[in-house]
Amino acid sequence: MEVKTVMEWKSHVAPALESKQSEFKLIGYPEATLEEIWKCLEEKVWKGNPQKKIHEVVQDIFHLPATTYMSFMTIKALQVEDDDLMASIEALTKPHD
């Protein structure tokens, strides 16, 4: 069996990602995108770009729990809010010329 990095398998496993996206939409997460699911896998399951066999990548996609995905999306949303808050604080505290 051939071993490649998960990024090298990405185009080959698109049907599995689409299936996972459909599953998430069916259980009440209509905003789930293929790219966000992939990013979640990179950060939460693979922690980077490890080498795997194609069946291992597909298995990881199919076994991604909705709770892991929603946790990932919540943290991502909070980081954006935190960045916006920090920018607002800096704008308010910045000395005016």
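Residues numbered from 1 in each chain as written. Predicted model: local features only at pLDDT ≥ 70, side-chain atom pairs only at ≥ 80, totals over all residues. Heavy atoms only, no water.

Novice: Before we go on, may I ask you to explain helix α4 (residues 54–62) in this structure?
Specialist: In an α-helix, one full turn covers 3.6 residues, which means residues spaced three or four apart are oriented alike. Of the residues making up α4, those classed as buried are Val57, Asp60 and Ile61. Buried residues along α4 cover an arc of 100° about the axis, so they all sit on one side. Elements in contact with the buried residues of α4: α1 (6–9), α2 (14–26), α3 (34–46) and β2 (51–53). (Buried < 20%, exposed > 50% of the residue type's maximum accessible area, 1.4 Å probe, protein only. Helix = DSSP H or I, 4+ residues; strand = E, 2+ residues; numbered from the N terminus. Arc of directions from axis to C-beta. Contact = heavy atoms within 4.5 Å.)

Novice: Can you walk me through the packing of α3 against α4 in this structure?
Specialist: Remark: α3 packs on α4, axes separated minimally by 11 Å, with the N-to-C direction vectors making an angle of 100°. As far as their axial angle goes, α4 and α3 are roughly perpendicular. Contact with α3, carried on its side by Leu41, Val45 and Trp46, involves Val57, Asp60 and Ile61 of α4 and no other residues of that element. For the contact of α3 with α4, a count of residues per class yields 5 nonpolar, no polar and 1 charged. (Axes fitted to C-alpha atoms, helices over the stretch in contact; angles between N-to-C directions. Parallel < 35°, antiparallel > 145°, perpendicular 65-115°, else oblique. Nonpolar A, V, L, I, M, F, W, Y, C, P; charged D, E, K, R; others polar.)

Novice: I tried to follow the packing of aromatic side chains on my own but got confused; where do I start?
Specialist: Two aromatic rings are characterised by how far apart their centres lie and by the angle between their planes. All told, the structure shown has 3 aromatic pairs when counted by the stated rule. Ring plane angle 65° and centroid distance 4.9 Å describe the contact between tryptophan 38 and tryptophan 46, whose orientation is recorded as edge-to-face. Neither tryptophan 38 nor tryptophan 46 differs from the other in exposure class; each is buried. Lying over the aromatic face of tryptophan 9, lysine 4 brings its terminal NZ or CZ to 4.7 Å of the ring centre. (Phe/Tyr/Trp six-rings, centres within 6.5 Å; stacked < 30°, edge-to-face > 60°. Lys NZ or Arg CZ within 6 Å of the ring centre and 35° of its normal.)

Novice: Help me understand the packing of α2 against α3 in this model?
Specialist: The packing of two helices is summarised by the inter-axis angle and the distance between the axes. As a packed pair, α2 and α3 sit with axes 9 Å apart at the nearest point and diverge in direction by 105°. On the basis of their axis angle, the class for α2 and α3 is roughly perpendicular. Residues Leu17, Glu18, Lys20, Gln21 and Phe24 of α2 touch α3, and the partners they reach there are Leu34, Ile37, Trp38 and Leu41. Of the residues in the contact of α2 with α3, the class split is 6 nonpolar, 1 polar and 2 charged.

Novice: Looking at this model, I keep getting lost on the side chain of aspartate 60. Mind explaining?
Specialist: Position of aspartate 60 among the secondary structure elements: in helix α4. The exposure class assigned to aspartate 60 is buried, which follows from its relative accessible area of 16%. A polar contact is formed between the side chain of aspartate 60 and the side chain of lysine 52, at a distance of 3.0 Å. (Polar contact = N/O pair within 3.5 Å; in protein donor to acceptor, adjacent residues only side chain to side chain.)

Novice: What's the story with the environment of glutamate 23 in this structure? I'm lost.
Specialist: By secondary structure assignment, the location of glutamate 23 is in helix α2. Sequence-wise, glutamate 23 and phenylalanine 62 are 39 residues apart; in three dimensions their C-alpha atoms are separated by 9.5 Å. At a separation of 3.1 Å, a polar atom in the side chain of glutamate 23 contacts the side chain of lysine 20.

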